[in-house]
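A look at the structure
The lines below spell out each chain.
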Amino acid sequence: MSVPKIVLFYAFAPLPDPEAVRLWQRALASSLGLGGRIIVAAHGINATVGGDVAAVKAYVKQTRQYPAFADADYKLSDGAGDDFPRLSVRVRPELVTFGAPDEVRVDEHGVVGGGRRVAPEDLAGLLAERPDAVMFDGRNTMEARIGRFRGAVVPRAETTRDLLAELDAGAFDHLKDRPVITYCTGGVRCEVLSALMRRRGFAEVYQLDGGIVRYGEAFGSDGLWDGSLYVFDRRMHVEFAPGAHSLGRCGACGEPTADYANCSDPACRRMFLRCPACTAAGRLRECGQCTAAPRAAAPLAPRPPTAEPLTAERSPS
């Protein structure tokens, strides 16, 4: 019987030939029948792949044989069996698209100038010792809407580029003299974010080692994490304990939910929260922005040839 698993990992290390690594990773994952997304850059690798547990373990074993990836933190979780529609392996300028590839430097030890690591087991102690410390969400707003650390600062960001723009606009300058603990799903975004924050004058920056995933594994629902964790596969979200309540609210009825739906407008790429009951009932098919947007006037029907010419009137805006 097939047991589906998903593995999430990243490694920051100088790669002299990213294209060669891409070809190797594609051949390896394809030969094992895995799906998922693998990003390779001159700075390293960031991957999430899934499939049968035996295939996933074989993938991890062979990937570890590459010296630059040997010490990566490979995070395994349960899959559903159809978590990824295909396999994508690409070379990109950045592992995380902050839009600042020239600002990131890596060596054999990882990102140069990143924040100090804090283990999940040490987080509560650090917050108690430093009551002025703040948790800083390194993900986008959509992810944070269904789950986040208690009392965390959540930037208004649809993408990581937006987050960097917020930093450069001075939105968080009031935190520069306070301890800032960054966190994200598995840790890769905070490797870069913490370094970018330090370059912008944040004096004391930390990163949660292993991200939300490792924290949730250690504490379940008994720690400082509230709600669900958004994930980038068909599962869409995971919970760390039975009965965990999402912080998200259905846009139609207001009930708690972690379920996102695609906007029905084919020109829109946004997602919005909609609970299973409202989905089944066909309620709320569009996102809030599309629902609120003014509709263009329908085109006028052709007039009979004998009619007087119409005087064009401007549609109300």
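Up top is the structure.
So, here is what we can say about the structure in this document. Since the model is a prediction, treat every value here as computed from it, not as a measurement. (Residues numbered from 1 in each chain as written. Predicted model: local features only at pLDDT ≥ 70, side-chain atom pairs only at ≥ 80, totals over all residues. Heavy atoms only, no water.)

Although it is not a glycine, Met-236 sits at a positive phi angle of roughly 70 degrees. Within the secondary structure, Met-236 is located in the loop between β14 (229-230) and β15 (237-238). Take Met-236: its relative accessible area is 21%, and that puts it in the partly exposed class. Even without a glycine there, the phi angle at Leu-284 is positive, about 50 degrees. According to the relative accessible area criterion, Leu-284 is partly exposed, its value standing at 28%. (Helix = DSSP H or I, 4+ residues; strand = E, 2+ residues; numbered from the N terminus. Buried < 20%, exposed > 50% of the residue type's maximum accessible area, 1.4 Å probe, protein only.)

Our next topic: the packing of aromatic side chains. Any two aromatic rings considered together are summarised by their centre-to-centre distance and by the angle between their planes. Under the counting rule described, the total for this entry stands at 14 aromatic pairs. Taking 4.8 Å as the distance between ring centres and 50 degrees as the angle between the ring planes, the aromatic pair formed by Tyr-66 and Phe-69 counts as tilted. You can call Phe-69 buried: its relative accessible area is 0%. Judged by centre distance (5.3 Å) and plane angle (80 degrees), the rings of Phe-149 and Trp-225 are edge-to-face. (Phe/Tyr/Trp six-rings, centres within 6.5 Å; stacked < 30°, edge-to-face > 60°.)

Moving on: the sheet that holds strand β11 (residues 179-183). Pairing between sheet strands relies on hydrogen bonds along the backbone, with the strands arranged either parallel or antiparallel. Pairing is parallel in the open sheet, where four strands are placed in the order β8-β12-β11-β9. Either end of the sheet is taken by a strand with one partner, and the two such strands are β8 (116-118) and β9 (134-137). Between one strand axis and the next, the sheet turns through 35 degrees on average, direction left out of account. Note that β9 and β11 share four bridges and pair parallel. Bridging across to β11, Asp-137 finds its partner in Tyr-183. Where helix α3 (residues 120-129) meets the sheet, it contacts β8, β9, β11 and β12 (204-208), and its direction lies at approximately 100 degrees from that of β8. (Pairing = 2+ DSSP bridges. Axes fitted to C-alpha atoms, helices over the stretch in contact; angles between N-to-C directions. Contact = heavy atoms within 4.5 Å.)

On their own, these measurements won't tell you what the molecule is for.
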